[in-house]
Amino acid sequence: YHLIPYLVFGYGVGFYYIYRKQTIDGLQKEIEMIPDRKLNLHRIHQNWADTLDKDVEDAELRSYTKRYRKTLVSYADGKVLETAVGTNRNSEYYPEECHVTGVDWSAKMLERALYKDKACPMEMKFGDTEDLDEKDDSYDTVVDTFGLC
């Protein structure tokens, strides 16, 4: 009877190992199906668009991230470029005198962004921030909140 806890523990570790191996192998196979890392990330963002706000809201409240967003964005001035705008979680915090251009490579994220309340004039552009066709000094402020994570 003294060995039963050890046997249960051993089975638990064994099942956990099998589960982790299958999960990691499954993810690895999925990643291998899309060899282009950028394409894979794009697909993830497209799929996450519908639930992003709900998924992030609680975590942001607990970690004071919402307060950090508000503070960071309040420093924006003039013509603003927001990279990786996503669902436009910063839109309500911009000063009224700003004009914001939000760029994202996920059409579904931009679709969500269009329906957010806005504190200032905003336009959304579909595209990859790395490949923007903008002249130097086109913007007074560039904002990126968690787009590089």
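So, a few notes on the structure that sits alongside this text.

Of all the positions in helix α4 (residues 65-74), only Thr-65, Arg-69 and Val-73 are classed as buried. The buried residues of α4 all sit within an arc of 65 degrees when viewed along its axis, so they share a single face. Turned more than 90 degrees away from the buried face of α4, the exposed residues are Arg-67, Tyr-68 and Lys-70. Among the structural elements, α3 (52-63) and β4 (141-143) are those in contact with the buried residues of α4.

This part covers a negative patch on the surface. Together, Asp-77, Glu-96, Glu-97 and Asp-140 make up a negatively charged patch on the protein surface. The topology assignment puts Asp-140 in the loop between β3 (122-126) and β4. When its relative accessible area of 59% is taken as the criterion, Asp-140 is described as exposed.

Tracing the sequence through the fold places Thr-65 in helix α4. Look at Thr-65 and you get buried, because its relative accessible area is 11%. Sequence separation between Thr-65 and Thr-145 is 80 residues; the distance between their C-alpha atoms is 9.9 Å. Among residues more than four places away in sequence, those in contact with Thr-65 are Glu-60 and Phe-146.

Within the structure shown, the criterion is met by 3 salt bridges. With a shortest N-O distance of 2.7 Å, Lys-125 and Glu-134 are connected by a salt bridge. One continuous salt-bridge network, built from bridges that share partners, spans Glu-57, Lys-66 and Arg-89.

All right, on to unusual backbone geometry then. Of note, the phi angle at Ala-84 is positive, near 50 degrees, even though the residue is not glycine. Along the chain, the position of Ala-84 falls in the loop between β1 (79-83) and β2 (99-104). Classification of Ala-84 as partly exposed rests on a relative accessible area of 29%. Positive phi outside glycine occurs at Asp-137, with the angle close to 65 degrees. Here Asp-137 is to be found in the loop between β3 and β4. Since its relative accessible area comes to 79%, Asp-137 is described here as exposed.

This part takes up the packing of aromatic side chains. In total, this model carries 0 aromatic pairs according to the counting rule given. If you follow Lys-79 out to its NZ or CZ, it ends over the ring of Tyr-139, 5.1 Å from the centre.

Here β2 runs beside β3; their pairing, made up of 5 bridges, is parallel. Bridge pairing in β3 links Asp-104 to Phe-126. Each parallel crossover has a hand, and the one from β2 via helix α5 (residues 107-113) to β3 is right-handed.

Right, let's talk about the side chain of Ser-106 for a bit. Note on placement: Ser-106 falls in the loop between β2 and α5. Looking at Ser-106, the relative accessible area reads 0%, which means it is buried. If we ignore the near neighbours within four places in the chain, the residues touching Ser-106 are His-42, His-45, Gln-46 and Phe-126.

Calculation criteria
- Residues numbered from 1 in each chain as written.
- Predicted model: local features only at pLDDT ≥ 70, side-chain atom pairs only at ≥ 80, totals over all residues.
- Heavy atoms only, no water.
- Buried < 20%, exposed > 50% of the residue type's maximum accessible area, 1.4 Å probe, protein only.
- Helix = DSSP H or I, 4+ residues; strand = E, 2+ residues; numbered from the N terminus.
- Arc of directions from axis to C-beta.
- Contact = heavy atoms within 4.5 Å.
- Patch = residues over 30% accessible without salt bridge, like charges linked within 9 Å, V, L, I, M, F, W, Y side chains within 5 Å.
- Areas by Shrake-Rupley, 256 points an atom, 1.4 Å probe, with all protein chains shown as cover.
- Salt bridge = Lys/Arg side-chain N within 4 Å of Asp/Glu carboxyl O.
- Lys, Arg positive; Asp, Glu negative; His and termini not counted.
- Charge placed at Lys NZ, Arg CZ, Asp CG, Glu CD.
- Phe/Tyr/Trp six-rings, centres within 6.5 Å; stacked < 30°, edge-to-face > 60°.
- Lys NZ or Arg CZ within 6 Å of the ring centre and 35° of its normal.
- Pairing = 2+ DSSP bridges.
- Right-handed = clockwise from strand over helix to strand, strands pointing away.

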